[in-house]
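Residue-level listing of the chains:
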Amino acid sequence: SKILFAKFIDNEPDAAARLSLAPTRTLIKLERLRHTADEPFALEICYLCADDFPGLLEAPLGRDSLFATLERNYDVRLGYADEEIDATAADPRTAELLNVPRRDPLLRIRQVIYSTKGQPIIYVLGIYRSDRHNFVIRRFR
C-alpha cells in the first residue's frame, strides 16, 4: 500500500454517520493506493473515530496491516462487515491513480466494519479496477 493521505478531518458527515457518530466528530481519514504485481488495483479510503485511536497516524500503516494494528495496539477485535457493492465510473483523479481511462467502469465497495461487540469501527470506501482482476470475497470472524 502507498499512503496518499493520512490526517484528522472534521468535515465528512457521511462517513461520521456510517460510523454512528455526530456529523462534526473528528475522524481519521486514511487514503491508500493498493498495488499487486507493481500495478495499482484499488483506491481505499478508511475512516475511523479519532478519539478511539490516538496515535494511529504515527503507526507504520504503509507497511503493516491496518486490521492487525487495530487488534494489536488497540485491542479491537473485528467481527463482521456490512457491504454495499455497485459500479461507478472513474473520475479524473481516480483514473490517474489507477492508471485507467476516465469514465472506465470500476467496482465500488462501501463497508462498515464492526467489532465483535457490534460497534462500528471502520468505514471503508474502496474503488477497484475491474479490467484485470476477479474478486472473490470471503469473510471470516
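Above this text sits the structure in question.
Numbering of residues begins from 1 in every chain and follows the order in which that chain's sequence is written. Residues qualify for local features only when their pLDDT is at least 70, as the model is predicted, and side-chain atom pairs are given and counted only at 80 or more; totals for whole chains, interfaces and linings, by contrast, use all residues. Hydrogens and water molecules were not included; the side-chain quantities draw on all heavy atoms of the structure.

Undergrad: Would you mind going over the pairing of strand 3 (residues 39–49) in detail, with residue names and values included?
TA: Only protein chains enter the accessibility calculation, which uses a 1.4 Å probe. A residue is then buried if its area is under 20% of the maximum for its type, exposed if over 50%, and partly exposed in between. Helix and strand assignments come from DSSP, with helices taken as H or I runs of at least 4 residues and strands as E runs of at least 2, each series counted from the N terminus. Buried residues dominate strand 3, accounting for ten of its eleven residues. Sheet analysis places strand 2 (residues 27–36) next to strand 3, joined by ten bridges and oriented antiparallel. Bridge pairing in strand 3 links Leu33 to Leu43. DSSP calls a pair of strands paired once it identifies at least 2 bridges connecting them. Connecting the antiparallel pair strand 2 and strand 3 is a turn made up of two residues, with Ala37 showing a positive phi of about 50 degrees. Summarising the sheet, strand 3 and strand 6 (residues 120–129) pair through seven bridges and their orientation is antiparallel. When the bridges of strand 6 are listed, Leu43 appears paired with Ile127.

Undergrad: Can you explain the environment of Ala6? Please cite residues and give values.
TA: Counting through the fold element by element, Ala6 comes out in strand 1 (residues 2–9). Remark: the alpha-carbon pair of Ala6 and Arg32, spanning 26 residues in sequence, is separated by 8.7 Å. Leaving out residues up to four positions away in the same chain, Ala6 has contacts with Lys29, Leu30 and Leu57. Residues count as neighbours in contact if any of their non-hydrogen atoms are within 4.5 Å of one another.

Undergrad: Can you break down the sheet that holds strand 5 (residues 105–115) residue by residue, with the values?
TA: With antiparallel pairing, six strands are arranged side by side in an open sheet as 1-2-3-6-5-4. Here the strands that pair on one side only, and so sit at the sheet edges, are strand 1 and strand 4 (78–89). Averaged over all neighbouring strand pairs, the angle between strand axes comes to 15 degrees, with direction disregarded. The axes are straight lines fitted to the C-alpha atoms, using for helices just the contacting stretch, and the angles between their N-to-C directions are given from 0 to 180°. Sheet strands in contact with helix 2 (residues 66–74) are strand 2, strand 3, strand 4, strand 5 and strand 6, and its direction is about 165 degrees off that of strand 6.

Undergrad: Give me the state of the cysteines: which residues, what numbers.
TA: We call a pair of cysteine sulfur atoms a disulfide whenever their separation is within 2.5 Å. Evaluation of the coordinates by the stated rule reveals zero disulfides. With no disulfide of its own, Cys46 lies closest to Cys49 among cysteine sulfurs, the gap being 15 Å.

Undergrad: I'd love a proper account of the side chain of Lys29, names of residues and values included.
TA: Tracing the chain through its elements places Lys29 in strand 2. Owing to a relative accessible area of 16%, Lys29 belongs among the buried residues under this scheme. Here the side chain of Lys29 touches Glu12 through a polar contact of 3.4 Å, side chain to side chain. For Lys29, the residues in contact, after removing those within four places along its chain, are Phe5, Ala6, Lys7, Ile9, Glu12, Ile45, Cys46 and Tyr47. By the criterion applied in these results, polar contacts are pairs of N or O atoms within 3.5 Å in which, for protein atoms, one can donate a hydrogen and the other can accept it, and in which residues neighboring in sequence qualify only through two side-chain atoms.

Undergrad: Account for the packing of aromatic side chains, with residues named and values stated.
TA: Stacked, edge-to-face and tilted labels apply to pairs of Phe, Tyr and Trp rings (six-membered ring for Trp) whose centres lie within 6.5 Å, assigned for plane angles under 30 degrees, over 60, and everything in between, in that order. What the rule picks out here adds up to three aromatic pairs. Centre to centre, the rings of Tyr80 and Tyr114 are 4.8 Å apart; their planes meet at 10 degrees, and the pair counts as stacked. Residue Tyr80 is located in strand 4, and its partner Tyr114 is located in strand 5; the two are separated by 34 residues in the primary sequence. Given a relative accessible area of 15%, Tyr114 falls into the buried group. Here, a charge over a ring means that NZ of Lys or CZ of Arg falls within 6 Å of the ring centre while also lying within 35 degrees of the ring normal. One Lys or Arg, Lys29, reaches over the ring of Phe5 and ends 5.4 Å from the middle of that ring.

In short, geometric facts, not functional conclusions.
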